[in-house]
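Secondary and tertiary structure notes
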Amino acid sequence: MDRTKLPRPATCGEVPDVALECVLGGYVDDPRDRAAVSLVCRRWYRIDCLTRKHVTIATCYAATPRRLRLRFPRLESLKLKGKPRAAMFNLIPEDWGGHVAPWIEEIADGLDCLKAIHLRRMIVTDGDLAVLVRARGHMLQSLKIDKCSGFSTDGLKIVSRSCRCLRTLFLEESSIAGSDDDWLREFAVNNSALESLNFYMTDLRISPQDLELLARNCRSLTSLKISECDVSDLVGLFQTAAALEEFGGGSFDDQREGDKYEKIIFPKKLCSLGLIFMGTNQMSMIFPGCAALKRLDLQYTFLSTEDHCQLIQRCPNLEVLEVRNVIGDRGLEVVAQTCKKLRRLRIERGDDDQGLEDEQGKVSQVGLSALALGCPELEYIAVYVSDITNAAFETIGTFSKKLCDFRLVLLDREERITDLPLDNGVRSLLRGCTNLRRFALYLRPGGLSDVGLGYIGEYSGNIQYMLLGNVGESDLGLLCFARGCLKLQKLELRSCCFTEHSLALAALQLPSLRYLWVQGYKASQTGRDLLAMARPYWNIEFIPPRSQIADPVNDDGRVRVECQAQILAYYSLAGKRLDCPESVVPLHPE
Amino acid sequence: MARATMELDFFGIEKENSAAKLQRSSIREIQSAISRNPKLLRSVMASGFLSGLPAPSIPILNSASSSGSAIPSSPGTAPLTIFFNGTVSVFNVSHDKAESIIRKAGEVSVKDRFGLENGLPSRLTGDLPIARKMSLQRFLARRKQRLSSVGPYEKEFEVASVKKENLDVTQP
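Our subject in this report is the structure included herewith. Computed from a predicted structure; not experimentally measured.

Re the overall build of chain A
Across its full length, chain A carries 18 helices and 25 strands. Here chain A has a C-alpha radius of gyration of 26 Å; the compact-globule value for 590 residues is 25 Å, and the two agree. With respect to the principal axes defined by its C-alpha atoms, chain A has extents near 75 × 70 × 60 Å. Classification of the 590 residues of chain A by burial places 59% in the buried group. In chain A, once contacts between residues fewer than 6 apart in sequence are set aside, the share between residues at least 24 apart is 71%. By element, 50% of the accessible surface of chain A is carried by carbon and sulfur atoms, the whole surface being about 24100 Å². The positive charge centre, built from 75 side chains, and the negative charge centre, built from 78, are 8 Å apart in chain A.

Regarding the packing of helix H5 (residues 101-110) of chain A against helix H6 (residues 126-136) of chain A
All names here are of chain A. H6 packs onto H5 with a crossing angle of 15° between their chain directions and a minimal axis gap of 9 Å. Between H5 and H6, the angle is such that the two are roughly parallel. Read as a crossing pair, H5 and H6 show a hand that is left-handed. Between H5 and H6, the residues in contact are Ala 101, Ile 104, Ile 107 and Ala 108 and Asp 128, Val 131, Leu 132, Ala 135 and Arg 136, respectively.

A closer look at the nonpolar core
Residues Phe 247, Phe 439, Ile 456, Leu 468 and Phe 481 of chain A are the most contacted members of the largest nonpolar core, which totals 174 residues. With sequence-adjacent residues up to four places away left out, Leu 468 of chain A is seen in contact with Phe 439, Leu 441, Leu 453, Ile 456, Phe 481, Leu 491, Glu 492, Leu 493, Arg 494 and Cys 496 of chain A. Core analysis: the second largest hydrophobic core is formed by eight residues, Tyr 200 and Met 201 of chain A together with Leu 136 and Leu 140 of chain B among them.

As for the pairing of strand E2 (residues 77-81) of chain A
Residue and element names in this part refer to chain A. With four of five residues buried, E2 lies mostly within the body of the structure. Alignment of strand E1 (residues 54-57) against E2, held across four bridges, turns out to be parallel. Directly across from Thr 56, in E2, lies its bridge partner Lys 79. Once the chain exits E1 it traverses helix H4 (residues 65-71) before rejoining the sheet at E2, and the crossover so formed is right-handed. Relative to strand E3 (residues 116-120), E2 is paired through five bridges, and the arrangement is parallel. Across the sheet, the residue bridging to Leu 80 is Leu 119, located in E3. In this fold, the crossover linking E2 to E3 by way of H5 has right-handed handedness.

Brief notes about the packing of aromatic side chains
If you walk through the whole model with that rule in mind, you get 15 aromatic pairs over all chains. Here the aromatic rings of Tyr 200 of chain A and Tyr 300 of chain A are separated by 6.2 Å at their centres, their planes lie at 75°, and the arrangement is edge-to-face. A residue pair is termed long-range when its members are at least 10 positions apart, and Tyr 200 of chain A in the loop between strand E8 (196-198) and helix H9 (208-217) and Tyr 300 of chain A in the loop between strand E12 (295-297) and helix H11 (305-312) qualify at 100 residues. Its relative accessible area of 3% is what places Tyr 200 of chain A among the buried residues. Geometrically, the ring pair formed by Phe 406 of chain A and Phe 439 of chain A is stacked, given 6.3 Å between the ring centres and 25° between the ring planes. Highlighted residues: Phe 406 of chain A in strand E16 (residues 405-410) and Phe 439 of chain A in strand E17 (residues 438-442), separated in sequence by 33 residues. Pairwise contacts between aromatic rings join Tyr 200, Phe 277, Tyr 300 and Phe 302 of chain A together with Phe 139 of chain B into one cluster. When the ring centre of Tyr 380 of chain A is taken as origin, the NZ or CZ atom of Arg 344 of chain A, which lies over that ring, is 4.1 Å away. Lying over the aromatic face of Tyr 455 of chain A, Arg 427 of chain A brings its terminal NZ or CZ to 4.4 Å of the ring centre.

Scoring rules and cut-offs
- Chains are numbered independently. Their residues run from 1 in the order of the written sequence.
- Key to labels: chains lettered from A, ligands numbered from 1, both in the order written.
- Selection of residues for local features in this predicted model requires a pLDDT of at least 70, selection of side-chain atom pairs for listing and counting requires 80 or more, and totals for whole chains, interfaces and linings are taken over all residues.
- Side-chain descriptors were evaluated using all non-hydrogen atoms of the structure, hydrogens and water having been removed beforehand.
- Elements are defined by DSSP. Helices are runs of H or I of four residues or more, strands are runs of E of two residues or more, and each kind is numbered from the N terminus.
- In this treatment the radius of gyration is a C-alpha quantity, and the globule benchmark scales as 2.2 Å times the residue count to the 0.38 power.
- Three labels apply to residues, based on accessible area from a 1.4 Å probe with only protein chains included: buried if under 20% of the type maximum, exposed if over 50%, partly exposed otherwise in between.
- Whether two residues are in contact is decided by their heavy atoms: any pair within 4.5 Å suffices.
- For the area figures, the Shrake-Rupley method with a 1.4 Å probe applies, and any residue is considered shielded solely by the protein chains shown.
- Charged-residue counts in this description rest on Lys and Arg as positive and Asp and Glu as negative, His and the chain ends being excluded.
- Taken as the charge location is NZ of Lys, CZ of Arg, CG of Asp or CD of Glu.
- In this analysis, axes come from line fits to C-alpha atoms, helices being fitted only over the stretch in contact, and the angle between any two N-to-C directions falls in the range 0 to 180 degrees.
- The scheme is simple: roughly parallel for angles under 35 degrees, roughly antiparallel for over 145, roughly perpendicular for 65 to 115, oblique for anything else.
- Left-handed describes a crossing whose near helix is turned anticlockwise from the far helix by less than a right angle; the clockwise case is right-handed.
- In these notes, a set of buried Ala, Val, Leu, Ile, Met, Phe, Trp, Tyr and Cys residues joined through side-chain atoms within 4.5 Å is what counts as a nonpolar core.
- One requirement defines pairing of two strands: DSSP has to find at least two bridges between them.
- If the strands point away from the viewer and the path from the first strand over the helix to the second runs clockwise, then the crossover is right-handed.
- The pairing test for Phe, Tyr and Trp rings, Trp by its six-membered ring, is centres within 6.5 Å, and the orientation test on the planes gives stacked under 30 degrees, edge-to-face over 60, and tilted for anything in between.
- Either the NZ atom of lysine or the CZ atom of arginine qualifies as a charge over a ring when it sits within 6 Å of the ring centre and within 35 degrees of the ring normal.

Without other data, these values stay purely geometric and don't point to any function.
Printed below as a string of structure tokens:
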């Protein structure tokens, strides 16, 4: 057919808008692709605005709610993050900020297509929930209130009464006031669409009967993670929730004798399990289902090193494993031999006191090397080690080719570490693991020299997030580091020896940096050296040192510790923060 | 000649970015500021303080040049001020005694000092202890509670460890 006779498209040789909307709306989801699309021309920008389904705002003060609503009026899913990550470690003042109210107002005003919302480390009140639910409750499918605080069981009841098509409710690790236990019953009675309910690591009280009622009414329930509730009371739940694939929470008591837990039979499809306070004597109850397990969470159990070995060797299909370092090198060797499909491994820090943890409960280069050799599918490793060598890093760099996220903390209990500094090992790891996007390295003085810190800069590749602790020896190291790290967007520094001046210079030099958090540095007398990094759209917050309760978990406030000063800086289109509490000092040149 | 002790506003707590304000303060406040960040003090002193401030008025391990302090001294002695491990101590000693103290301090090797200090945390982790995740902290506290609520026939060492745990593990 003669090409010149083909009908011309409706818009001068270009792809018609409708077609572009279909292509972008249907096939282009990755936020980086979307960012690129929006920069092509105004027309593509407009189409992106109308078709983008999800936006993540990594720092809620980086943009205004109004701007979000005006740019993406048809948004379907929103994720908002408030407090800095350090809040998970009790380092950020509770009143720092991250109030969700202004966002909820805007959502209620104009985001008519929103059906999924994820709030992380924010302050959410019952009033906020009421406004949200009034505006979007009839359409809300997914509500995640993740490590938030400020609301109560009253707020939950408001949600339960109006969000009848809610499929996902996630409340993990949120601080929720109120001790009544009928909030769950409200959900059970008002909702039949629930597929995933998570109130793991909360203090919410419930009754087992309400869980059963929920399971009976929500036949699609596949994931359930609860707060503490004795597992022996859950027999009925497990019988009713036939479709359950994931269960977490529960609780065991210390019974040495008795068969209280022997009647438990887990649902057939269960492939993800995490049981709180499970001990050696109760472990065998999960043996029958071990072969099917893809995810296992032992972080909150009372198991010994030997128990971990016994258990894990029965789990050849494990893809995600979360433990404390009680697993030990021995346990890691079992993992390496057994769990060939392992993709994610988290090894948290157990008790420092040897009397309370298994004495074999230490992870070192021995276990890590075995892991790298035995588990080639690993994408995520987060580990607290007691000892480490350059060779172990090299092994990881050689064999863990799929690694996207690597985090290592060197514990401070051992006086002598086998092989410091770790300059060459770190270089090998960074050069070998070319897919790394996130990297954390927390050492001790002497752990990484200025040269080593320079290596991190030079070989950082596509790493977007870094947490570095006790690295380098001087400002020279930091400035060398800042000459590299071309893709670094978010940087957290702790317990380092850098001066304010060099921190400011580094912030200016790192080309992709949009977020910086620092605690533990060489402060100047006035803090004025920080202003060297003052520039348009760059908000700088200073959190002065303050005294806080040492152990907020189980102390009434008698023992207090000093929490050192912090610097937080981030790009923002929202201008200066107007809601800073006493504990936060915004810095700007006058 | 008495010299005023001085307080350095290390962290700009006064919320003003103008020139540093020098105020009178007690040794204790300096001590607490230093103990927060002993490295800071060393670096500040090494740099001879920023411009605009008077020469160091806090004597540095050198009784010979000691020009006195607010503490009254008896004849033949002079104040010897020692900064060590985040604390400030002032002694009235004779010149000879001061010299022998300084010599002795110089003789102690790094290793000996380390052994004497019984696991000084700041040498291993810099100035900040490794922070613990709240979720793990809660779990470990619950486990302690359960252990300490067990009957009197449990092994002694478990109870003893629980007590020790209370003191140092849970610092942010």
